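For reference, the chains in residue letters:
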Amino acid sequence: MESRKHLILIDGSGYIFRAYHALPPMSRPDGTPVNAVYGFTSMLLKLVDDSEADWLGVIFDTARKTFRTEIFPQYKANRPPPPDDLIPQFSLIREAVSAIGLPQAELEGFEADDLIATYSKKAAADGHRVTIVSSDKDLMQLIDDNISMMDPMKNTPISYAEVQRRFGVHPNRVVDVQALAGDSTDNVPGVPGIGVKTAAELIEAYGDLDALLDQAKDIKQPKRRQNLIEFAEQARVSRELVRLEQNAPVNFGYQTFKIQKPDPRILEEFLRKQGFQSILSRLSLESADPQQLSSGEAAPERVNQELSSGYVLVQEIGTLHQWVEAAKSEGVVAVDTETDSLDSLSANLVGISLALEKPVNGFRACYIPLAHISGPAQQTLDLGGTDSEPSLAPNQLSIEQALGALNPILEDPGVLKIFHNAKYDAEVLARYGIALRSVDDTMLLSYVLDSGLHNHGMDELARVLLGRSTIKYSDVTGSGRNKITFSQVDLQQARDYAAEDADVTLALHKFFKPRLALEKMTKVYERLERPLFSVLQNMESEGVLVDSKKLIELSNDFERRIRDLGERIHQTVGREFNIASPKQLGEVLFDEMSLPGGKKGKTGAYGTGAEILEGLAAQGHELPARVLDWRQLSKLKSTYTDALINQINPETGRVHTSYSQAVASTGRLSSNDPNLQNIPIRTEDGRKIREAFIARTGYVLMSADYSQIELRLLAHVAGITALKNAFLKGEDIHAATASEVFGIAIKDLDPATRNRAKAINFGIIYGISPFGLARQLSIPQADAKSYIDEYFKRYPGVKDYMEATKTFAREHGYVTTIFGRRVHMPGILDKNPIRRNFHERAAINAPLQGAAADIIKRAMIRMPDALSAAKLNAKMLLQVHDELIFEVPENELEKTADCVRKTMESGAALSIPLVCDVGWGRSWAEAH
């Protein structure tokens, strides 16, 4: 017998669909779709590069007709055909496998899983180790001491424990469980009324399927007993459908799956034909010597070379000038700054990295260290009580030298600078007197093209789109108590990390930028997201003045009230307990006080979320209402009054929030450090916090807020005549809706009826259900349903819009705003009805919320020029959803209000006017 070796079998068919659904649409120059080809090729190259195998084969399905369809013609009959844009990619994927130099196998009448089972069992019987690269649950029946599985997306092994968690049994009993439970996806019938959990319990009790069916008459539960007897033969047929064939008549043995180095010429030709420039660059095939490529000897080393060998430290001014001249010549350079803080307004520059398409002296990317500290990290700490300062590491250019050399390209509009999260780098460089011009941002490109599909951080994009595992920040700085600043990182490590960031940024740019035109997203990027980041940069730098004394007073007041509430809660219960502990609170509410509705989760603790407490409070229970008040005050104190005091910049006396453009899938901005968008506006305590935001002497704060913008957008996009007429006449829209829905003249409306209409108006935008409306209004669900039905009857265009939007989302996988922004909805076809309904509601709202976000962004981009043209000195400070906050000289109030209102109301040409409400005062609270 041969010595123990390793066989890797790749479930090629599974790979195809994982790749297809993981990536957005892509086309090569001739229009052929290639997103699945790209993802498949990237994953396969990475797997081959990472694996240590003696044999490796890629296994494919052939057609849907197999021996199983002869046993049961309905097998897999419910599966939809492959998407139209995937069909032409099947043959290209097989070409990819050949180009990479890997063996592949398929067999008429059998599924890929059968071939994998056959090869696996044969190799294991020969004493070898087998790894199946797939996450297909059907293959889990093969797992044993010699055969393992690896999830290719998570890059994690699928263990015995995972099989036990999923099926409740050992792998050798998975087939029996599947035979009983059936599989709706593959149309395996199973036994009615038996799911996976019950099936596992039965198999564990009786040993196997045959024993269970033989003894079915002894089962106590009548319905279960009847079904097992009646559908026994169906269970046996199901077993034949799910059991993998381990002796398929394969044409060749697993020993033929020898790994061969790819012919670089064939691989390059294939990649170039598909337009996979980023993979070419990653494999260094693009600049390979043609003679070496044809010889097939030197190129494989290029394919597998360490990426970091293409990076270099720049420690001399002459070398830096060479990189600067090369950047000028190419006109495009990727740039990244390294600093000692995540706060861009206080961060000190530690180094800069550059990456170019054409190598400089044989290197693709460089790192220019500027302020690294000499010696080991622990020696930089002053443990002896002296005033000594750590010294800079030798052989570094000074910041003045480096920026002096780099400034001609950083401020040159003729050289495109590519960043990932350009706003951060722009704010850092601005502190050193550099005003960036001509910038692209790969984070924003990713956001515009793939919003809703994945996150937009560099590490994740590199992994998902480029197949690269990047060096993480914590890899070089450590974490926890041993964490060091980047200035303390060894120069060689800093080079590999920083230069890789620039290198990856350049590769991402080559991946994203051509897609803008192909997918018709150029306007969204060029006219909305790219120009906005410099506006946000200025707002963040300006900050907003806060009254620290007011915050301290509020914090003390909140502390007193929290303490009083806590005492009252403990008195009500009759003992002390930790109010902040959901577990202890649940036991008090549902065990000790026997309040209704207690439900335990997977951890065994009762749910005590806000919805549960609000429901109990609405029923008149005092304790849940007090706990809600206690939580609200505690959150306001910790999140705002205490936190804001600590976040006041000592140099400016202001709080400087940071805006993120690439977080909310709908296009909305998010605010953090601190988050100023979630301060409650409808509560007295929330307004008190806003009183602490003030204007400097001689100025006031001005608030400009779009009035009911999402309802106006609904009336516009859905073409609802009654709503449009109400807006055109300037009527109270909620009163108009109440009049329509409840059949009451506007003059006879009471406030409660108007509020019901208001809840319906805003609820409809978010696809509210009768249950949700009933809960919100504290009315019977039947009444809520009748309100919604009447609303749709009065405004039929709303229902039409909602259904058309959901249909579009199902067909395309995304929805669009009136400005062309795409919001992807990958969960719109989820088989779980709860999750699917959630995504359907999100699809209804996204075009409206997204359009509202686009409109205020358009206004923000135009605002600085509008104020400047009017010779006004107002500064835009904050954006909170549909509202902008300005600091305005007192003597320019009226002119500024007119300018701001005009600019915001011209943010979009709708069939009904946009209306902007403007107010001002000494504080943010007064401005409303």
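The structure under discussion appears in the preceding block.
Moving on, we come to the sheet that holds strand 11 (residues 416–419). Backbone hydrogen bonds hold the strands of a sheet together, and the pairing may be parallel or antiparallel. The sheet built from 6 strands is open, its strands ordered 7-10-9-8-11-12 with mixed pairing. Because the sheet does not close on itself, it has two edges, and the strands there are strand 7 (311–313) and strand 12 (439–441). Direction aside, the axes of adjacent strands within the sheet are offset by 25° on average. In terms of strand pairing, strand 7 meets strand 10 (residues 363–369) through 3 bridges, oriented parallel. If you follow Tyr311 over to strand 10, its bridge partner there is Ala365. Strand contacts of helix 18 (residues 422–430): strand 8 (332–339), strand 9 (349–360), strand 11 and strand 12, with the helix running at about 70° to strand 8, the strand carrying the most contacts. Packing against the sheet, helix 22 (residues 491–518) makes contact with strand 7, strand 8, strand 9, strand 10, strand 11 and strand 12, and its axis sits at approximately 55° to strand 9.

Attention now goes to the side chain of Glu519. Tracing the chain through its elements places Glu519 in the loop between helix 22 and helix 23 (522–542). If near-sequence neighbours (up to four positions away) are discounted, Glu519 is found in contact with Pro25, Leu449 and Arg822.

Between side chains of opposite charge, a pair can form as their charged atoms come close. Counted under the stated rule, the structure contains 52 salt bridges. As a salt-bridge pair, Lys806 and Glu803 come within 3.2 Å of each other at their nearest N and O atoms. Of the two residues, Lys806 and Glu803 both sit in helix 35 (residues 796–812), 3 residues apart, roughly one turn of that helix. The partly exposed category is assigned to Glu803, whose relative accessible area is 32%. Across the pair Arg901 and Asp898 runs a salt bridge whose closest N-O atoms are separated by 3.5 Å. Taken as a pair, Arg901 and Asp898 lie in helix 37 (residues 893–905) at a separation of 3 residues, close to a single helical turn. According to the relative accessible area criterion, Arg901 is partly exposed, its value standing at 27%.

Our next topic: the sheet that holds strand 3 (residues 104–105). Ordered by their spatial adjacency, 6 strands build an open sheet running 3-2-1-4-5-6, and the pairing between neighbours is mixed. Strands at the two margins of the open sheet, each flanked by one partner only, are strand 3 and strand 6 (156–158). Judged from the 4 bridges that link them, strand 4 (residues 129–133) and strand 5 (residues 147–151) form a sheet pairing that is parallel. Bridge pairing in strand 5 links Thr131 to Ser148. Running at roughly 165° to strand 2 (residues 55–59), helix 2 (residues 35–50) makes contact with strand 1 (6–11), strand 2 and strand 4 of the sheet.

As a further point, take the packing of helix 16 (residues 317–330) against helix 17 (residues 399–410). At a closest axis distance of 9 Å, the pairing of helix 16 and helix 17 adopts a crossing angle of 10°. Between helix 16 and helix 17, the crossing angle belongs to the class labelled roughly parallel. Two packed elements cross with a definite hand, and for helix 16 against helix 17 that hand is right-handed. Contacts between helix 16 and helix 17 involve Ile317, Leu320, His321, Val324, Ala327 and Lys328 from the former and Gln401, Ala402, Ala405, Leu406, Pro408 and Ile409 from the latter. Across the contact of helix 16 with helix 17, the residue classes tally to 9 nonpolar, 2 polar and 1 charged.

The subject of this paragraph is the nonpolar core. Side chains of nonpolar character tend, in soluble globular proteins, to be buried together. Counting 113 residues, the largest nonpolar core has Leu714, Tyr791 and Phe886 as its most contacted members. It is helix 36 (residues 833–869) that provides the largest number of residues to this core, a total of 10 residues. For Leu714, the residues in contact, after removing those within four places along its chain, are Gly719, Ile720, Ile765, Tyr791, Val798, Tyr801 and Leu848. Counting residues in hydrophobic clusters, the runner-up holds 55 residues, among them Tyr15, Met26, Tyr38 and Leu283.

The final tally for this structure, using the stated rule, is 20 aromatic pairs. With 6.2 Å between their ring centres and 15° between their planes, Tyr473 and Phe486 make a pair best called stacked. Of the two residues, Tyr473 sits in helix 21 (residues 473–477) while Phe486 sits in the loop between helix 21 and helix 22, which places them 13 residues apart along the sequence. Under the relative-accessibility criterion, Phe486 is labelled buried at 0%. Ring geometry for Phe511 versus Phe512: centroids 5.2 Å apart, planes at 75°, classification edge-to-face. For Phe512, a relative accessible area of 0% puts it in the buried group. Clustering of aromatic rings is evident, with ring pairs tying together Tyr38, Phe276, Phe511 and Phe512. Above the plane of the ring of Phe60 lies Arg94, whose end atom (NZ or CZ) is 4.4 Å from the centre.

Outside of glycine, negative phi angles account for most residues, and trans bonds account for most peptide bonds. Cis geometry marks the peptide bond from Asp673 to Pro674; its omega dihedral reads 0°. Along the chain, Pro674 turns up in the loop between strand 16 (670–672) and helix 28 (684–690). The phi angle at Lys520 is positive, at roughly 60°, despite the residue not being glycine. Turning to its location among the elements, Lys520 is positioned in the loop between helix 22 and helix 23.

Mapped onto the secondary structure, Val360 falls in strand 9. The exposure class assigned to Val360 is buried, which follows from its relative accessible area of 7%. Setting aside residues up to four positions removed in sequence, Val360 forms contacts with Gln322, Trp323 and Ala326.

Taken across its 5 residues, strand 2 has 5 buried, putting it largely inside the fold. Note: strand 1 against strand 2, 5 bridges, orientation parallel. Bridge assignment links Leu9 to a residue of strand 2, and that residue is Gly57. In the sheet, strand 2 pairs with strand 3 via 2 bridges, with the strands oriented parallel. The partner of Ile59 across the bridge, within strand 3, is Ala105.

On to the packing of helix 31 (residues 733–742) against helix 32 (residues 751–765). Interhelical geometry of helix 31 versus helix 32 gives an angle of 95° and a closest axis separation of 8 Å. Put simply, helix 31 runs roughly perpendicular to helix 32. Between helix 31 and helix 32, the contacting residues are Ile733, His734, Ala735, Thr737, Ala738 and Phe742 on the first element and Thr753, Arg754, Arg756, Ala757, Lys758, Ile760, Asn761 and Phe762 on the second. Looking at the contact of helix 31 with helix 32 residue by residue, the class counts come to 7 nonpolar, 4 polar and 3 charged.

In this section: the side chain of Arg468. With respect to the secondary-structure elements, Arg468 resides in the loop between helix 20 (458–466) and helix 21. Polar side-chain contacts of Arg468 include one of 3.2 Å to the side chain of Tyr311.

Here the focus is helix 17. With 12 residues, helix 17 should cover 16 Å at 1.5 Å per step; its first-to-last C-alpha distance of 14 Å lies more than 12% under that length. Taken together, the buried positions of helix 17 are Ile399, Ala402, Leu403, Ala405, Leu406, Ile409 and Leu410. The buried residues of helix 17 occupy one face: seen down the axis, they fall within an arc of 165°. The inward-facing, buried residues of helix 17 abut helix 16, strand 9, strand 10, strand 11 and helix 18.

The alternating pattern of strand 11 places Leu416 and Ile418 on one face and Lys417 and Phe419 on the opposite face, and all of these are buried. For strand 8 and strand 11, the ladder comprises 3 bridges, and the chain directions are parallel. Across the sheet, residue Ala334 finds its bridge partner in strand 11, namely Ile418. With helix 18 bridging strand 11 and the parallel strand 12, this β-α-β connection has right-handed handedness.

What counts, and at which threshold
- Residues numbered from 1 in each chain as written.
- Predicted model: local features only at pLDDT ≥ 70, side-chain atom pairs only at ≥ 80, totals over all residues.
- Heavy atoms only, no water.
- Pairing = 2+ DSSP bridges.
- Helix = DSSP H or I, 4+ residues; strand = E, 2+ residues; numbered from the N terminus.
- Axes fitted to C-alpha atoms, helices over the stretch in contact; angles between N-to-C directions.
- Contact = heavy atoms within 4.5 Å.
- Salt bridge = Lys/Arg side-chain N within 4 Å of Asp/Glu carboxyl O.
- Buried < 20%, exposed > 50% of the residue type's maximum accessible area, 1.4 Å probe, protein only.
- Parallel < 35°, antiparallel > 145°, perpendicular 65-115°, else oblique.
- Left-handed = near helix turned anticlockwise from the far one by under 90°.
- Nonpolar A, V, L, I, M, F, W, Y, C, P; charged D, E, K, R; others polar.
- Core = buried A, V, L, I, M, F, W, Y, C linked by side-chain atoms within 4.5 Å.
- Phe/Tyr/Trp six-rings, centres within 6.5 Å; stacked < 30°, edge-to-face > 60°.
- Lys NZ or Arg CZ within 6 Å of the ring centre and 35° of its normal.
- Polar contact = N/O pair within 3.5 Å; in protein donor to acceptor, adjacent residues only side chain to side chain.
- Expected span 1.5 Å × (residues − 1).
- Arc of directions from axis to C-beta.
- Right-handed = clockwise from strand over helix to strand, strands pointing away.

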